[in-house]
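# Structural characterization, general
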Amino acid sequence: MAEVLVLVDHVDGTVRKTTHELLTIARRLGEPSAVFVGNGYDTAKESLATYGAVTVYQVTDPEVDQYLVAPKAEVLAQLVEQTSPAAVLIASSAEGKEIAARLAVKTSSGLITDAVDVQPGGSGPVTTQSVFAGSYTVEATVTTGTPIITVKPNSAAPEQAPTTPQEQAVEVTLSDAAKTARVTDRKPREKSGRPELTEAAIVVSGGRGTGGDFAAVEAFADALGAAVGASRAAVDAGWYPHANQVGQTGKTVSPQLYVAAGISGAIQHRAGMQTSKAIVAVNKDEEAPIFELVDFGVVGDLFAVLPAAAEAIEKHKA
Amino acid sequence: MKIVVCAKYVPDAQGDRSFSSDNTTDRQGADGLLSELDEYAVEEALKLVETADGEVVILTMGPDDAADAVRKSLQMGAHSGVHVLDDALHGSDAPATSLVLAKAVEKIGESGAVDLVVTGMASTDGSMSVVPAMLAERLGLPQVTYASELTVDGRTVTIRRDGDASTETIEASLPALVSVTDQINEPRYPSFKGIMAAKKKPVETWSVADLGVDASEVGLEAAWTRVAASTERPPREAGQVVADEGDGGAKLAEFLTGRKFV
Ligand SMILES: Cc1cc2nc3c(=O)[nH]c(=O)nc-3n(C[C@H](O)[C@H](O)[C@H](O)COP(=O)(O)OP(=O)(O)OC[C@H]3O[C@@H](n4cnc5c(N)ncnc54)[C@H](O)[C@@H]3O)c2cc1C
Ligand SMILES: Nc1ncnc2c1ncn2[C@@H]1O[C@H](COP(=O)(O)O)[C@@H](O)[C@H]1O
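Because the structure is a prediction, the values reported are computed rather than measured.

## A short note on the overall build of chain B
The number of helices and strands found in chain B is 6 helices and 13 strands. By its C-alpha atoms, chain B is 70 × 45 × 40 Å across when sized along the principal axes. The proportion of buried residues among the 262 residues of chain B is 51%. Summing over all exposed atoms, chain B offers an accessible surface of approximately 11600 Å²; the carbon and sulfur share of this is 47%.

Okay, here's the thing in structure tokens:
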């Protein structure tokens, strides 16, 4: 069975849930091989084995992390050359898409980004994408080279398939061209203690309607064990970090439940949340376009509705 | 300093966007405009040449109407434009687009070396965010992308990149390729003077043959991926909307527990 390369998305060896999803998808298409680049393999090892990596290619060359994107694309190009995989799967993060882009050019291969589903097909994987702010669904295949596919978080339910991976250290010789954009400083983002925005099952977002006070949004999110997001209006006003922005120029989320509080529902915001399974909105204005999307909506003041709902939820849990 | 800004003409996101019968983006039916995210690229380039001498060349690839994207950029203050216009380009995918843009950047460089190529972070229609990385790969330039802050000091470009897990500082030597986010600046509106001045600014129109690219390397037929089907998503079923009469919170909680979100 042909290998399917999965680039492991991790922070110092802590493997992200998206990687488990990719390994699960890879198993539909062939034999999953994880490509681990950077420090912390010992931390990652068990989780990769649990989710079915039959082979792990390890690249520990410290130089790979000192430069932006290009070295990882070179590593993958080398492995594609060596293993002629059935596909390469990469998480659809900003960096993931850039790695995929360079790999596609290097290997003259078709690239599909932001897949929300990948299934085996007669002539290679068939992907499903959601485009134009979620108003269209597109099925596509790669016709040239090795299918290179970036997959959005929450596109598959991770399934365990324990293995004892065969580990292979990979020697890479980076070209000078890969070493031109140096990372001179890296400040890890502060942890909020809440779930990761793109991976969370529930996301509660606040917008301009919060007036800058996110306490009600955060308390409601905590009652549901949710991640907190924000509209660009809230981010631009400096009320919440840009890393939490949902939308076209922020993160795309696709949780089981998305709650928009004090958010009008502009097209650019929708682009980041429209594929959520269930949508709830709280907004003072009954004409707000967000209500066109909702499964459940409350026309009202978020400062009254959210605390009351949080209290009722806490009571229900008790 | 010579800066090339890649600016794309896109269907207006506020209008209804759709697919043509050949499964390519319908660029005829919808009104178009300069991609809003590329305005940030134009603005950043203009700011750079205000402090250090230089010129800004706008590069666009697209149908007839894409000339509007060039014109708007010239009105903002860019110095000249190049429009790659060729029927063969219809349906080009990202690898083909990046090939054409790369060749055009090289050709622009024939009349004086290019120091910086600036792009937006994504086009508002395709939104793949892959053309900048592909351009860097093809041109062999340092890839300095997703800049939320940018400085050029001598021959060194430095940016702040807000990555997924960390905020990074990236540094490279010129020439380089930079993509900018919507956090980086506030794009200017064309002034009346700018609108008048733009009428006299030079715009060249190039075909793919002018770039030494074979027509068989671009367009729908040459694409490395194929769209098998595109379907309009059925509109969401109208949900339940209640007015808060003191019980909105309780009703919301009831909905959430009913759907097992609690
Ligand atoms: C190129 C580009 C990219 C963009 N990218 C993004 C993006 O990634 N993400 C994004 O979100 N936006 C993005 N935008 C901006 C987008 O167009 C909207 O401006 C933005 O989403 C509006 O945010 P908002 O809904 O919070 O604010 P508003 O549109 O001002 O809406 C605020 C809402 O809060 C309601 N409200 C006020 N007070 C209360 C209260 N006490 N209780 C309940 N409701 C209340 C109001 O009725 C209103 O509906 C982008 C725009 C452009 C041009
Ligand atoms: N046809 C085009 N003409 C000019 N620039 C383009 C074109 N397509 C993409 N770009 C540039 O590449 C960036 C990212 O585009 P994309 O990869 O399509 O999301 C855009 O913001 C533009 O700067």
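That covers the picture; the talk isn't over yet.
## Description of the sheet that holds strand β13 (residues 202-206) of chain A
In any sheet, the strands associate via hydrogen bonds between backbone groups, in a parallel or an antiparallel arrangement. Pairing is parallel across the open sheet formed by 6 strands, whose spatial order is β14(A)-β13(A)-β15(A)-β16(A)-β17(A)-β13(B). The open sheet has two edge strands with one neighbour each: β14 (227-230) of chain A together with β13 (240-243) of chain B. Each strand of the sheet is rotated relative to its neighbour by a mean of 15°, with strand direction disregarded. Bridge count between strand β15 (residues 257-261) of chain A and strand β16 (residues 278-283) of chain A: 5 bridges; the pairing is parallel. Paired with Tyr258(A) across the two strands is Ile279(A), which belongs to β16(A). This element, helix α6 (residues 215-224) of chain A, spans β13, β14 and β15 of chain A of the sheet and lies at about 175° to β13(A). Its contacts with the sheet put helix α6 (residues 248-258) of chain B on β15, β16 and β17 (296-299) of chain A together with β13 of chain B, and the angle it makes with β17(A) is roughly 175°.

## Overview of the site of ligand 2
All names here are of chain B. Around ligand 2 sit 19 residues, and of these Cys 6, Asp 38, Met 61, Ser 123 and Ser 129 come closest. At 2.7 Å, a backbone N or O of Cys 6 approaches an oxygen atom of ligand 2. A distance of 3.0 Å separates an oxygen atom of ligand 2 from a polar backbone atom of Gly 120. Only β4 (55-61), α3 (94-109), β6 (116-120) and α4 (131-139) provide two or more residues apiece to the shell around ligand 2. With 3 residues, the single largest contributor to the shell around ligand 2 is β4. Counted by class, the shell around ligand 2 contains 10 nonpolar, 7 polar and 2 charged residues.

Analysis parameters
- Residues numbered from 1 in each chain as written.
- Chains lettered and ligands numbered in written order.
- Predicted model: local features only at pLDDT ≥ 70, side-chain atom pairs only at ≥ 80, totals over all residues.
- Heavy atoms only, no water.
- Helix = DSSP H or I, 4+ residues; strand = E, 2+ residues; numbered from the N terminus.
- Buried < 20%, exposed > 50% of the residue type's maximum accessible area, 1.4 Å probe, protein only.
- Areas by Shrake-Rupley, 256 points an atom, 1.4 Å probe, with all protein chains shown as cover.
- Pairing = 2+ DSSP bridges.
- Axes fitted to C-alpha atoms, helices over the stretch in contact; angles between N-to-C directions.
- Contact = heavy atoms within 4.5 Å.
- Near = heavy atom within 4 Å.
- Polar contact = N/O pair within 3.5 Å; in protein donor to acceptor, adjacent residues only side chain to side chain.
- Nonpolar A, V, L, I, M, F, W, Y, C, P; charged D, E, K, R; others polar.

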